[in-house]
Amino acid sequence: GENVEQHPSTLSVQEGDSAVIKCTYSDSASNYFPWYKQELGKGPQLIIDIRSNVGEKKDQRIAVTLNKTAKHFSLHITETQPEDSAVYFCAAKGGNEKLTFGTGTRLTIIP
Amino acid sequence: EADIYQTPRYLVIGTGKKITLECSQTMGHDKMYWYQQDPGMELHLIHYSYGVNSTEKGDLSSESTVSRIRTEHFPLTLESARPSHTSQYLCASSEGFRHTGELFFGEGSRLTVL
């Protein structure tokens, strides 16, 4: 089955700087890669996703890049703000239609 | 805003008690899921359902059971709670196979077994 690795597990960045979280996946048939943000005391919420026919997607301060050859994808957050502090999960949807989550990254924005 | 609700949000019970965690969604989604989330953050799929009368075990073995008698309702039951069941339980739903597959999560039920 699919295996998704996520790094780093914790990340601290100065407010205003950029944050990058990286994930790799194992199933070459995977075609859908969402990112979820989980704030304290809440359930995860989809913030951006990308399909395998696209190399990059942007939504305001967040962007996701996908390298299908290397089987890795990354989340980029620019001009970070205190409200960006949360746990972020990457995920990959494999050929069996199952969504596999990464292990999570706890992002802390330092004011 | 996701229309998926979990109750109770917090539950503290003694060993051996039977508990049911409730999950309801008003979006008419076919697929529903239960995830167990440890303090280490990882999300472990323990049960899922493709529709009414369909239930499947997830990737992580769990002593809990689920039922899906109505589309909107997906309760999780522990017949005899133990301290090892202490965890955060997250319910989620999504549309069918041919859609994006976005998961909508509830806010979670934090269970503590003494």
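Definitions and cut-offs
Residues numbered from 1 in each chain as written. Chains lettered and ligands numbered in written order. Predicted model: local features only at pLDDT ≥ 70, side-chain atom pairs only at ≥ 80, totals over all residues. Heavy atoms only, no water. Core = buried A, V, L, I, M, F, W, Y, C linked by side-chain atoms within 4.5 Å. Buried < 20%, exposed > 50% of the residue type's maximum accessible area, 1.4 Å probe, protein only. Helix = DSSP H or I, 4+ residues; strand = E, 2+ residues; numbered from the N terminus. Contact = heavy atoms within 4.5 Å. Buried area = accessible area lost by both parts, 1.4 Å probe. Salt bridge = Lys/Arg side-chain N within 4 Å of Asp/Glu carboxyl O. Pairing = 2+ DSSP bridges. Disulfide = S-S within 2.5 Å.

A. Molecular detail of the nonpolar core. Residue and element names in this part refer to chain A. With 23 residues, the main nonpolar core has W35, F73 and L107 as its most contacted residues. Those elements that place two or more of their residues in this core are β2 (10–14), β3 (19–25), β4 (32–38), β5 (45–51), β7 (62–67), β8 (72–77), β9 (86–93) and β11 (105–110). With 18 residues, the next largest nonpolar core counts Y36, V87, A91 and F101 among its residues.

B. Molecular detail of the environment of A:W35. Residue and element names in this part refer to chain A. Its location among the elements puts W35 in strand β4. On the basis of relative accessible area, W35 is assigned to the buried category, the value being 0%. With 64 residues separating them in the primary sequence, W35 and L99 have C-alpha atoms 11 Å apart.

C. Quick look at the interface of chain A and chain B. Counting residues at the interface gives 21 residues for chain A, matched by 20 residues for chain B. Across the chain A to chain B interface the summed buried area is about 1,700 Å²; carbon plus sulfur atoms make up 55%. On the chain A side of the interface with chain B, the three residues burying the most area are A:P44, A:K98 and A:F101, jointly 25% of the side's total. Across the contact surface, chain A and chain B share 1 salt bridge.

D. Fine view of the pattern of salt bridges. Residues and elements named next belong to chain A. Tallied over the entire structure, the rule returns 8 salt bridges over all chains. Put simply, D49 and K57 hold a salt bridge, and the shortest N to O gap is 2.9 Å. Here D49 falls in the buried class, since its relative accessible area comes to 13%. R61 is the partner of D84 in a salt bridge, and the nearest nitrogen-oxygen pair spans 2.9 Å. Note that D84 is positioned in the loop between β8 and β9 and R61 in the loop between β6 (56–59) and β7, a separation of 23 residues in sequence. The exposure class of R61 is partly exposed, given its relative accessible area of 22%.

E. The arrangement of the pairing of strand β5 (residues 43–51) of chain B in detail. All names here are of chain B. Within β5, 7 of the 9 residues are buried, leaving the element largely enclosed by the surrounding structure. The antiparallel hairpin formed by strand β4 (residues 31–37) and β5 contains 5 residues in its connecting segment, where M41 sits at a positive phi of about 90°. Inspection of the sheet shows β5 paired to strand β6 (residues 54–57) by 3 bridges, in the antiparallel sense. Pairing of Y48 across the sheet is with E56, part of β6. Counted between consecutive antiparallel strands, the loop separating β5 from β6 contains 2 residues, among which N53 sits at a positive phi close to 65°.

F. Structural view of the state of the cysteines. Within this structure, the stated rule accounts for 2 disulfides over all chains. Here A:C23 is linked by a disulfide to A:C90, with a sulfur-sulfur distance of 2.0 Å. Since a negative S-S torsion denotes a left-handed disulfide, the A:C23-A:C90 link at about -100° is left-handed. Highlighted residues: A:C23 in strand β3 and A:C90 in strand β9, separated in sequence by 67 residues. By relative accessible area, A:C23 is classed as buried at 1%. On the basis of relative accessible area, A:C90 is assigned to the buried category, the value being 0%. Disulfide pairing is shown between B:C23 and B:C91; the S-S distance is 1.9 Å. The S-S bond linking B:C23 to B:C91 shows a torsion near -75°; that makes this disulfide left-handed. One end of the pair, B:C23, is in strand β3 (residues 19–25); the other, B:C91, is in strand β9 (residues 87–94), with 68 residues separating them in the sequence. The pair formed by B:C23 and B:C91 is uniform in burial state, with each residue classed as buried.

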